[in-house]
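Understanding the architecture of this molecule
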Amino acid sequence: MFEPKNLYRQIKYDLLFRKLATSMGALVIFLVVATFFTLVYESWPAIKAFGLRFLWNTTWDPVSLEFGALPFLVGTLITSFLALLIATPFALAGAIFLGELAPPKIANPVSFVMELLAGIPSVIYGLWALFYLVPLVRAFELKIGAPPYGLGLFTASLVLAIMILPYALSVARDVIKLVPQDLKEAAYGLGATRWETIRHIVLPYARSGILAGIVLALGRALGETMAVTMVIGNRSAMPQSIWDLANTMASVIANEFTEATEDVHLAALVEIGLLLFVITVVVNLVARIFIVKTKVR
Amino acid sequence: MNHAYPARERWRRFKNRFILAAITVLALIPALPLFLILFQLFHKGISSLSLDFFIHLPAPPGESGGGIANAIVGTFIIVGLATLIGVPISILAGIYLSEYGKDTKFAEAVRVCADVLQGVPSIVIGIVAYAWVVRPMGHFSALSGSVALALMMIPVVVRTTEEVLRLVPDILREASLALGVPYWRTVLKVVLPTGMVGVTTGILIAVARIAGETAPLLFTAFGNQFMTLNPLEPMNALPLVIFNYATSPYEDWWQQAWGASIVLVLMVLGLNILSRLLARRIAGER
């Protein structure tokens with residue numbers, strides 16, 4: 001080992017290995033940058049042809065080759081936020097229940113099962129929704145006098161809500177568990193009830209972590225493709241109500257990408273992908289800021 | 001007892017009980033659809049599981065019978081290839097973060113990019129793999145699907161590798177270095193083996209995550225009615241079968257979609273449970 005020749009060789013290997021590991025780290029950065037520029041490059045014909053008008057043009061017509069993304073932007077925003085609106089109260093209640101109320105004997109197995117269910121592939125949520133949720137929604141629509149498609153924005157939001165719930169819940173539960181015991185005991189010592197302790201100590205302390213969970217769930221909802229594609233009805237016009245058939249940014253790409261024969265049609269689809277990429281990156285960075293905030297405290 | 005307290009205290013106690021009960025009820029409601037999905041999946045799909053289903057190729061549309069042998073084989077090939085591409089890159093990048101980069105600005109940038117990559121919607125990953133592999137090759141292929149899945153796998157394995165290696169005590173590194181072992185060998189022979197169970201857990205979680213992905217395969221692996229083992233050709237996969245059959249107009253194919261879903265769910269749940277058991281083993285060792 002200590003012969004100079006061998007030593008030099010080991011130093012060389014050391015440097016080589018360090019370079020190899022560092023370059024793989026650099027590759028991760030490169031992949032993100034390359035993804036962005038690939039999307040820009042591939043969508044260039046559409047960017048050139050439609051400019052900023054692409055963002056607020058409501059016409060999407062592959063026959064006359066006029067493309068605007070607004071119907072899909074609206075579809076994605078409505079389904080994601082409606083899903084968030086439906087899921088958040090349940091996620092919050094579930095997080096308080098599992099993180100604070102339930103004894104470990106119940107909380108641990110329930111958390112375990114929930115995390116397993118969160119791993120079910122989205123195409124299976126789509127299959128289930130198509131055959132079980134759609135008829136239910138159709139019956140409901142008949143009752144309230146809405147057009148009884150069964151498919152549409154509302155159904156897609158429901159599936160999304162079911163899918164993102166475990167995510168928001170488990171992040172929120174983890175932060176709630178991190179609230180220091182002595183803070184809670186101090187509140188009890190002052191005579192606070194359990195709910196008052198949760199309301200005034202636990203929730204404020206865990207606030208940014210809970211927000212991070214909700215924002216992460218939003219990021220997932222924005223990009224979710226398969227389950228939404230299967231139940232949203234795939235109609236590329238501006239939705240007029242939440243019972244309408246529609247398309248989200250992800251679902252229109254999934255539906256039309258392999259059928260696009262014109263270059264500008266393909267480029268327009270990639271541009272939607274680019275918009276989706278930018279939106280989700282921003283959302284995830286915001287979630288990251290909240291998480292960093294939690295750790296600092 | 002209660003009458004001993006003034007009204008305000010009674011109200012506080014009532015509010016406490018009422019809200020806690022409401023939270024418990026609200027918390028139990030979301031369990032309902034999740035269990036319904038599992039129940040109905042097995043209820044619907046169990047009847048299509050037979051030996052034929054596993055060893056036969058799909059029947060032509062409209063004809064009954066046929067199986068999903070090519071999709072099962074395809075899923076294994078596509079996911080296996082993605083693992084082969086993704087894991088070495090991820091482990092080396094994880095080693096960089098924990099052993100070399102540490103708290104430098106560059107390492108922080110790598111971490112942020114891994115998080116960003118993890119958040120990129122799978123359909124967008126599909127577009128990228130299409131531009132990088134399908135377009136230059138001129139046709140769809142299993143390989144392009146594997147590239148897409150590897151891209152989704154990398155951030156997960158990078159971050160778990162880093163976290164696990166950071167937990168390896170410095171004493172071990174110092175002991176090895178004191179014996180005259182060079183750092184690169186210390187990393188490969190001491191640090192990595194110590195964290196191997198954790199790294200394996202990360203890989204299993206990542207594989208479970210990508211095995212059910214459909215969107216990135218739509219315009220990469222594309223699907224194929226026939227059996228193929230050649231990764232340069234279009235190939236079928238379980239998620240593609242489920243999607244294509246579920247949205248087809250044939251009742252027979254819907255039935256097969258349920259059967260394929262059971263196979264896929266069992267695979268994914270199995271991987272997840274395995275990774276939990278391993279994770280528990282690490283926790284037990286500590």
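What counts and how
- Residues numbered from 1 in each chain as written.
- Chains lettered and ligands numbered in written order.
- Predicted model: local features only at pLDDT ≥ 70, side-chain atom pairs only at ≥ 80, totals over all residues.
- Helix = DSSP H or I, 4+ residues; strand = E, 2+ residues; numbered from the N terminus.
- Buried ≥ 20, exposed ≤ 12 C-beta atoms within 10 Å, placed from the backbone.
- Contact = placed C-beta atoms within 7 Å.
- Expected span 1.5 Å × (residues − 1).
- Bend = angle between axes of the 7 residues up to and from the residue.
- Nonpolar A, V, L, I, M, F, W, Y, C, P; charged D, E, K, R; others polar.
- Core = buried A, V, L, I, M, F, W, Y, C linked by C-beta atoms within 7 Å.
- Axes fitted to C-alpha atoms, helices over the stretch in contact; angles between N-to-C directions.
- Left-handed = near helix turned anticlockwise from the far one by under 90°.

**A short note on the overall build of chain A**
- Of the regular secondary structure elements, chain A holds 10 helices and 2 strands.
- Ordered by position from the N terminus, the helices and strands of chain A form the series α-β-β-α-α-α-α-α-α-α-α-α.
- Seen through its principal axes, chain A has C-alpha atoms that stretch 70 × 70 × 35 Å.
- Per-residue burial over chain A gives 49% buried out of 297 residues.
- Sequence separation of 24 or more characterises 75% of the internal contacts of chain A that already satisfy a separation of 6 or more.

**Topic: helix α6 (residues 122–137) of chain B**
Residues and elements named next belong to chain B.
- Spanning 16 residues, α6 covers 21 Å between terminal C-alpha atoms, matching the ideal 22 Å at 1.5 Å per step.
- In the structure, α6 departs most strongly from a straight axis at Y130, where the bend amounts to approximately 40°.
- Looking at α6, one finds that the buried residues are S122, I123, V124, I125, G126, I127, V128, A129, Y130 and V134.
- G138 occupies a position one or two residues after α6 and carries a positive phi of about 90°.

**Regarding unusual backbone geometry**
- Of note in the backbone geometry, N234(A) takes a positive phi value of approximately 50° without being a glycine.
- For N234(A), the location among the structural elements is in the loop between α8 (226–231) and α9 (249–256).
- Residue class for N234(A) comes out partly exposed when judged on the 19 C-beta atoms lying within 10 Å of it.
- In the Ramachandran plot, K102(B) falls in the positive-phi region, its phi being about 50° despite a non-glycine side chain.

**Focus on the interface of chain A and chain B**
- Contact residues are listed per partner, giving 63 residues for chain A and 69 residues for chain B.
- With 19 residues, helix α1 (residues 4–50) of chain A is the single largest residue contributor to the side of chain A that touches chain B.
- Of the residues assigned to the side of chain A that touches chain B, the class counts are 42 nonpolar, 16 polar and 5 charged.

**Digging into helix α6 (residues 181–189) of chain A**
- The buried count for α6(A) comes to 0 of 9 residues, which makes it a mostly uncovered element.
- Directly after α6(A), the chain includes G191(A), whose backbone phi takes a positive value near 95°.

**Focus: the environment of S111(A)**
- With respect to the secondary-structure elements, S111(A) resides in helix α3 (residues 104–118).
- Expressed as a C-alpha distance, the spacing of S111(A) and A26(A), which sit 85 residues apart in the sequence, is 36 Å.

**Here we look at the nonpolar core**
- Ranked by size, the top nonpolar core spans 186 residues in total, and within it V159(A), I164(A), A168(A), V231(A) and I242(B) carry the most contacts.
- Among the elements that line this core, the one with the most residues is helix α5 (residues 153–178) of chain A, at 18 residues.
- Each residue touching I242(B), except ones within four places of it in the same chain, is listed here: V123(A), I124(A), L127(A), A257(B), A260(B), S261(B) and L264(B).

**Side note on the packing of helix α4 (residues 69–101) of chain B against helix α7 (residues 142–167) of chain B**
Residue and element names in this part refer to chain B.
- For the pair α4 and α7, interaxial distance at closest approach is 6 Å and the crossing angle is 35°. The two elements α4 and α7 meet at a crossing, and its hand is right-handed.
- Of the residues that constitute the contact of α4 with α7, the class distribution is 22 nonpolar, 8 polar and 3 charged.

**Points about the environment of A172(A)**
All names here are of chain A.
- Relative to the assigned elements, A172 resides in helix α5.
- Separated by 41 residues in sequence, A172 and G213 place their C-alpha atoms 5.9 Å apart.
- With near-sequence residues (within four places) excluded, A172 lies in contact with A91, L92, A95, G209, I210 and G213.

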